[in-house]
Each structure stands twice: as C-alpha cells, then as structure tokens.
Amino acid sequence: MDFDWSVIWQALPELLKGARLTVLIALAGLAGGLVIGAAAGLARAYGNAVLNAIAFIYVELIRGTPIIVQVMFIYFALPILANVRINPLAAAIMAIIINAGAYIAEIVRGSFLSVHRGLREAGLALGLPFWKVLFYIIGPLAFRRMIPALGNQFIVSLKDTSLFIVIGVGELTRQGQEIMAANFRAVEIWSAVAMFYLIMTGALTLILRLTEKRMRIL
Amino acid sequence: MSIVEFRKVTKRFGQVTILDQVDLSIEPGEKVVLIGPSGSGKSTLLRCINALEEINGGDLVVDGISVKSSGRMVRMIRQEAGMVFQQFNLFPQMTALENVAFGPRRVRHEPRQEARKQALEMLAKVGLADRAHHYPSELSGGQQQRVAIARALAVKPKLMLFDEPTSALDPELRHEVLRVMQALAEEGMTMIVVTHEMAFARKVGTRLIFMEGGKIAVDGEPRELLANPQNPRLKEFLQHVA
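Note that the structure is a prediction, hence the values are computed from the model and not measured.

A. Representation of unusual backbone geometry. Residues and elements named next belong to chain B. You will see that Asp63, though not glycine, has its phi angle at about 50°, which is positive. The residue Asp63 is located in the loop between strand S4 (57-62) and strand S5 (65-66) in this model. With a relative accessible area of 24%, Asp63 lands in the partly exposed category. Although it is not a glycine, Lys156 adopts a positive phi angle of roughly 60°. Looking at where Lys156 falls in the secondary structure, it is placed in the loop between helix H5 (141-153) and strand S7 (159-163). Under the relative-accessibility criterion, Lys156 is labelled partly exposed at 47%.

B. Summary view of the nonpolar core. Judged by nonpolar contacts, the single largest core of 73 residues is most densely connected at A:Phe164, B:Val4, B:Phe6, B:Leu60, B:Leu159 and B:Ile192. The element contributing the most residues to this core is helix H4 (residues 88-114) of chain A, with 10 residues. In this structure, B:Leu60 is in contact with B:Val4, B:Glu5, B:Phe6, B:Val9, B:Cys48, B:Ile49, B:Ile55, B:Ile65, B:Ser66 and B:Val67, ignoring residues within four places of it in sequence.

C. Layout of the interface of chain A and chain B. Every contact between the two is made by 21 residues of chain A and, on the other side, 23 residues of chain B. When chain A packs against chain B, the two sides together hide about 1800 Å² of surface, and 64% of this comes from carbon and sulfur. Summed over the three residues of chain A that lose the most area to chain B, namely A:Ala125, A:Leu126 and A:Tyr136, the buried surface amounts to 31% of that side. For the interface between chain A and chain B, the tally reads one salt bridge. Between B:Arg47 and A:Glu121 there is a salt bridge, with the nearest N and O atoms lying 2.6 Å from each other. Connecting chain A to chain B are four residue pairs in polar contact (both at pLDDT 80 or more). Sorting the residues of the side of chain A that touches chain B by element identifies helix H5 (117-125) and helix H6 (130-160) of chain A as the ones contributing at least two each. Of the residues forming the side of chain A that touches chain B, the biggest block, eight residues, is contributed by H5(A). Among the residues forming the side of chain A that touches chain B, the class breakdown is 12 nonpolar, four polar and five charged.

D. Geometry of a nonpolar patch on the surface. Taken together, the side chains of A:Met1, A:Phe3, A:Trp5 and A:Val187 present a nonpolar region at the surface, about 490 Å² in accessible area. Under the relative-accessibility criterion, A:Val187 is labelled partly exposed at 38%.

E. Structural context of the sheet that holds strand S6 (residues 81-84) of chain B. All names here are of chain B. Strands sit in the order S6-S7-S8-S3-S9-S10 across an open sheet of six strands; the sheet is mixed. Looking at which strands have only one partner, the edges of the open sheet turn out to be S6 and strand S10 (215-220). Averaged over all neighbouring strand pairs, the angle between strand axes comes to 20°, with direction disregarded. In terms of strand pairing, strand S3 (residues 31-35) meets strand S8 (residues 190-194) through four bridges, oriented parallel. Paired with Leu34 across the two strands is Val194, which belongs to S8. Strands in contact with helix H1 (residues 42-49) are S3, S6, S7, S8 and strand S9 (207-212); relative to S7, the strand with the most contacts, it is inclined by about 150°. Strands S3, S7 and S8 of the sheet are contacted by helix H6 (residues 171-186), whose axis makes an angle of about 150° with S8.

Procedures and definitions
- Residues numbered from 1 in each chain as written.
- Chains lettered and ligands numbered in written order.
- Predicted model: local features only at pLDDT ≥ 70, side-chain atom pairs only at ≥ 80, totals over all residues.
- Heavy atoms only, no water.
- Helix = DSSP H or I, 4+ residues; strand = E, 2+ residues; numbered from the N terminus.
- Buried < 20%, exposed > 50% of the residue type's maximum accessible area, 1.4 Å probe, protein only.
- Core = buried A, V, L, I, M, F, W, Y, C linked by side-chain atoms within 4.5 Å.
- Contact = heavy atoms within 4.5 Å.
- Buried area = accessible area lost by both parts, 1.4 Å probe.
- Salt bridge = Lys/Arg side-chain N within 4 Å of Asp/Glu carboxyl O.
- Polar contact = N/O pair within 3.5 Å; in protein donor to acceptor, adjacent residues only side chain to side chain.
- Nonpolar A, V, L, I, M, F, W, Y, C, P; charged D, E, K, R; others polar.
- Patch = residues over 30% accessible without salt bridge, like charges linked within 9 Å, V, L, I, M, F, W, Y side chains within 5 Å.
- Areas by Shrake-Rupley, 256 points an atom, 1.4 Å probe, with all protein chains shown as cover.
- Pairing = 2+ DSSP bridges.
- Axes fitted to C-alpha atoms, helices over the stretch in contact; angles between N-to-C directions.

Next comes the structure, spelled out in structure tokens:
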C-alpha cells in the first residue's frame, strides 16, 4: 500500500481540534486530581480515623474499578441518580479528576511518609504547629520524591482520555475514529493519532525531567 | 521556681514502662547530665520535657506550663526548650543559614532580614559563619550538629535539651560540638544533656543523674559521683563507658 501523506494533511485541522480537547481534559483533570489526591493522601497519612477511612474507601473504590466504568457511571448513571444533566466534556474531566486523584493520593501518602521522622520532630521541637511542619519542611521534600511517580500518573491519565470515545467527547482518538470512518485510511490516520499522543507525552516527560533536574531529590 | 518539674511522671510504650513515677526538679542555670544504660529511660525523659513524647501519668511542668495543656501551650513549651538531636535532623533542602533562620522567621515571625541577621549571629557563635551558604550534605557531622545547635538557639529558648549530641560523630569531631556546648553553659544557659561523655559531665555538669529501669537511681554532684561512685550499678556502668 501507499502511505498517503495528503490524507494526514487534510485530517490535520480535525486532529488538532481533538488534540486540543485531549490536552484540556488532561490538564483540567490532573489539576483537580492533584487537589483531590493531595487531600486524600494527607488524610490517609495523617488524618484521624474518620478522614482516613473516607480516603481509604475512595481510593479502593476507584482503584478497584475500570476508568471506563467510572466515566459511564458519571455520564449515564449519575444523571438518573442525581437528576442532573452532565455534558460529555464535564463527565470526562470529572472522570480524570476522581480517577487520577485516587492514584495520586497513594503517591502523596507514600512520599510524605517516606520523609525521615526526625525532620518532623525537629520541626515540632522548634514550636511549629504540625501543618506548618508539613507545609514548610516535609512537603517540599516529599514533593521532590513524588515527581517520578506523578510523571507516570500524568502520562497514564493523558492516555486514559482516549477511553472517553465511549461517551462521545471529541478528543483526539474520537476525531481519528470519525475521520477514519469517512475515508477508511486506517494506516495514515492511526499513525498520525499515535504521533500526536507521543508528542504530548514526550512534552510531559521533558517538563518532568527539567523539574527533576532543578530540584535535587534529598 | 523550677524551670522543669516532673511530678510522678509515668511513660509507657505499650506494656513496657519506660518512666516509672519520676520526680525531678530542675532549676534555671543548672547543667544536668543524664546518664544510664540503654533502655533506662534517659532519652524518653528528655523527650517528655518538650512533649515529643506524651506522658501517661503524673504531671510535667516546664516554665510554668503543663505538657498536658492545649497544643498552643505545648508549642510555647517547645519555643522555650530548644532541642538538639543525635542525628542532627537538619532540613536538607535548606542551607545552614536557612536552617537557622527558619525558627526566627516561622516561629517567632521576625521579618526576613531580621531573621537572617539573627541566623548569621548564631552561626558565628558556633563558629560557622563561613559555612552559611552550604547545604547540610556539604558539611561534616560536627558542623551539622553545630548548625543544629544554632538552629535551636535562634528561637531564643530558656532551656536547651541535648539528646546524645555527639553519639553519631567520629571521635575527632566530638570536641568541636562539646566546645560549643561548654561555651553555652558558661553563658549560663540551662541545659539537660543525655550523653556518654563523662569528661563533659565532670567539666561542665553541675548535676549528674544516673537512670536505671525508668527511675532516677542516683542524683548528685558530678565530680564527686564520678570520682567515688557509691551506687554499685553506677560504678559498674562507669567502668563500661570510661
């Protein structure tokens, strides 16, 4: 067969539109996931029994079910249960937030707990409240240790957005699918889609490497 | 008024009693040296004073505040009782200067410039003004421990607690830390020191406490006790450490 570059050229505007949506879902989802994950992770590491239990159940619930079931639930079941209308984009972002949040919670918990307890004691012994010890002393050290694992999670979540094809969000994979359905150029289109993902994950890797380089892991 | 007062203090870890109804009063200006075999409760006793360990029975009053009061009051105790750890526990992401300025800045809420100025003074005091911009990983053990002493002093405590400050150091680095501690004692600082440095106890200590099995077994004048120990267990212990 002939690899027809013009097919890609023609599909480019649509694919770019899809890629933009993919980036939007991933960024918004991961930003939210970081907030939820930090809260749940700290609750697991330092919270009282109630907070710890809530965070534990959340993490287990999400880690124990496939993301595709989660987004189906948000998009199809939640409107029936809660009587609200949810558009596909919002459902997609929400799915990434709660899904990434659960995994990030474990990353946050692990890295905070890995910081030597003597540093916590040293902070407390100066007369600081515990939250300030976490914020000024443990947090900055834990953050450095999180970077490799967070990088992994960012890349996984970015690629997970391709599953939202099932609720009809016009992200990159969905765009590829639609173009392919019209012109039947599977080789060109799926190669181009793959390239787009590689560029996005490559950019993420680069950003993380630079961050890691600037912050020595201590 | 005593600066530290133990009243029948009991501390347990699970089923094990570490401190058994300890009574002890320490007056301002005293330099108390705590010795004893491992597991005798000396470190725990020290860590109860700034509430790093919670007591299970009795009461412990530091500078007029009970360690059993609210979190805010406990933080007041900690600001008055500086602590130096065996493993230094310097904040590795901060330079020596930032470590020392941290207390004035975040605990005493001094402006940044003022905190920095005080930190430099403290570093000069422990002989490390020229190492201000080094990270802990770039300093020797002895230098790290001196920075840790400066960090504790920078909060302007009334009392200093030392938990085996030289045990993690090579022999040739110990004297630089002990010299700083001696200078501090000569300024009149109230000090409670858990250590195995008998020469330090003799030279600097005004009071020697020998602990055994969670109780204070011997309490007296260091020179006298070290020269002529009456308690057979203390005698045996001194033979092992000397």
